[in-house]
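Coordinate inspection notes
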Amino acid sequence: MSLTAHQLIGLLVDPGSFVSWDDPVTTEPRDAEYRASLTRARERTGIDEAVVTGIGRIGGGQAALIASEFGFLGGSIGVATAERITRAVEQATAARLPLIALPVSGGTRMQEGSAAFLCMLRITAAVQAHRAAGLPYLTYLRNPTMGGVFASWGTLGHLVFAEPEARLGFLGPRVYEELRGVQLPPDVQRAETLAERGLVDAVVAPEELREVLRRSLSVLTRRALPSPSPSSAPPAPAPRSPVEQPDAWEAVLRTRHPDRPGTRELLRRTTEELVLLDSPGGRDGALVRALAVLDGQPAVVVGQQRRAGAQERPFTAADLRSVRRTARFAEQLGLPLVTVVDTAGAELSAQAELDGVAVEIAHCLTTLLSLRTPVLAVLLGQGSGGGALALLPADRVLAAGNAWLAPLPPEGASAIVHRDGSHAPELARAQGIGAHDLAAVGLVDTVVPELPDAADEPAAFCARLGHAIATALATLTATPASDRLTARTTRHRRLGDLVT
C-alpha cells in the first residue's frame, strides 16, 4: 500500500522537525455532490486538501516539502490545492530553502474544470521563480503521477527521482484506450522505462530516499573550500617516473586496457560525497552523471564510461541531451561542471542519424561554451571523434598521461589515408593526438602522469587525478566570472595554434 503524505514526510525528515505551513481551507464549492466528495475525503484522510506542505530537517539541513495525498480524491489538483502548493513554493523561495516536491496525482481535478487546469501555470511560474533564484528543486514522482502534474511541476526538478514501478505519464491508460481505441503498452509509463531514456534521474525506493536526498542536498547546498586540503595531496611519484611523452600508439593501447580506471571508478575512489544518477541506457550506459564533492569542492559531473571487457557502447543522441540538461542545472545552481572524456566515439548508425546525433553534438558545444558556471574537462582515456569533442569546451582541461584525442580512432584514420587499418600506429604518432601534443596546441593545461599505466596503479592514479581536479575547481571557483568567461573566449579563439 502506498505511503500517505504524512507517512512519507515522517520517513524523510529528522524526528520531530516537521512544521506545517498549511492554513485551513475556508472556501467550499457550490456543487452539493462535489462538497460531499470533499467531506468524505477529509474524513478518510484526516487532512483538508490533497497536499501537505511545511518545513523540516533532513540530516540536519532545512528543506521545504510539498507532499501530495493520493487518498484525497486521487491527489488531484484543484484551485485550493494549487494555491497551497504555490504559497509553499513562494515561502521556500523567500526563505532561500531547497524545495522537495513529492507528487502523487491523477492530474487536475475534473470537478473544477479549466480553472483547476490553468492552475498548473500558477504553480509552474512559482517553481520557475524558485529555480531562477538559484535554489535547488528536487522532485520524487510517486505511483501514479499523471496528467498536468507530470507535465508541469512534477518533472521540473533539477533532479527528478521516482518510486520503483511507478506509473508516470501524460495520459492514463483508460483514457488513452477510450480516445485512441488501442491499449497503451504496459511498460511505456513505468519509472524504470523513463529512467532508461534519461527522463528520470534515478529510481529510488521510499526507504532509501532520505539518504539520497541528504547526500544530494549536501552537494547542492555546499560552499566550495578556498583550496583543497594540503594533507589530501597524494605522495609524489616514485623515482621510476615515466618517459615525458609516451609513445602515441602505445598510449592508445593502454587506454583500451580492460583494467584501466573509468569515470565511475575515478569518482568512487576520489569523492567524499557521491550521488550517482541514472543515464540513458541505465547503469550500464555510456554516460555517467553524478553530484560529487572532491576534497571540499562540490561539482556536477557528466562523464563517458567505457565498458571494459565488453563491446563498446556508443555515445548516443540521448546521452548528449542528458549532458546538456545536466549542464543547465549546474548553471542554475551555480555549481561547477566537470566533464570526463573517455569514449570510442558517438553512435554511427541510421538510427543515430534520425535521432540527430550530429545536431546534439553541435548543441552540446554551444551549451558548454556559453555556460556561465565554471567548466572543467578531464581527458581520461580515449577521445575519439565528435562524441569526445562534445564534452571538451571548458575553462581548463586536465589529461591523463596516456589520454588522446583524434577525429577518428587511428585504425579509422588509417582506413581513410591508406585504405587499410595496418598503418594505425604510424598515423597515431604523426597526428599529434597524445596529451602532451594537445598541450602544445592549447587544449590541455595539465598532464597528470601515469606510472606508466593507470591500469597498473589505479588507486594512486585516481588519487593524483582527483587532487588535480579539486585544485583546478578551487582555482576556477575563486576566479571572478567576468574574468573567467573572457579567458574562455580567448582560449577557444586560439585553440589549435602551436604554443610558443
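Rules of the game
- Residues numbered from 1 in each chain as written.
- Predicted model: local features only at pLDDT ≥ 70, side-chain atom pairs only at ≥ 80, totals over all residues.
- Heavy atoms only, no water.
- Buried < 20%, exposed > 50% of the residue type's maximum accessible area, 1.4 Å probe, protein only.
- Helix = DSSP H or I, 4+ residues; strand = E, 2+ residues; numbered from the N terminus.
- Pairing = 2+ DSSP bridges.
- Right-handed = clockwise from strand over helix to strand, strands pointing away.
- Contact = heavy atoms within 4.5 Å.
- Axes fitted to C-alpha atoms, helices over the stretch in contact; angles between N-to-C directions.
- Expected span 1.5 Å × (residues − 1).
- Arc of directions from axis to C-beta.

Digging into the pairing of strand 3 (residues 61-68)
In terms of burial, strand 3 is largely enclosed, as six of its eight residues are buried. Judged from the eight bridges that link them, strand 2 (residues 51-58) and strand 3 form a sheet pairing that is antiparallel. By the bridge assignment, Gly-54 is partnered in strand 3 with Leu-65. Note that strand 3 and strand 4 (residues 99-102) share four bridges and pair parallel. In the strand pairing of strand 4, Ala-64 is matched with Leu-99. As for the winding sense of the linkage, the β-α-β connection from strand 3 through helix 3 (residues 79-94) to strand 4 is right-handed.

A word on the sheet that holds strand 5 (residues 137-141)
Read across the sheet, seven strands follow the order 1-2-3-4-5-7-9 without closing on themselves; strand pairing throughout is mixed. Of all the strands in the sheet, the pair left with one neighbour each is strand 1 (19-20) and strand 9 (202-203). Packing against the sheet, helix 3 makes contact with strand 2, strand 3 and strand 4, and its axis sits at approximately 25° to strand 2.

Observations regarding helix 19 (residues 481-494)
Helical geometry note: an α-helix holds 3.6 residues per turn, so side chains three or four residues apart project in the same direction. For helix 19, spanning 14 residues, the distance from its first C-alpha to its last is 20 Å, which sits close to the expected 20 Å at 1.5 Å a residue. Residues of helix 19 that are buried: Arg-484, Leu-485, Arg-488 and Arg-491. Buried residues of helix 19, viewed axially, fall in a sector of 120°; they line one side. Facing away from the buried side of helix 19, by more than 90 degrees, are the exposed residues Thr-486, Thr-489, Arg-493 and Arg-494. Packed against the buried residues of helix 19 are helix 13 (357-370), strand 14 (375-383), strand 15 (396-400) and helix 18 (458-478). After helix 19 finishes, the residue Gly-496 shows a positive phi value of roughly 95°.

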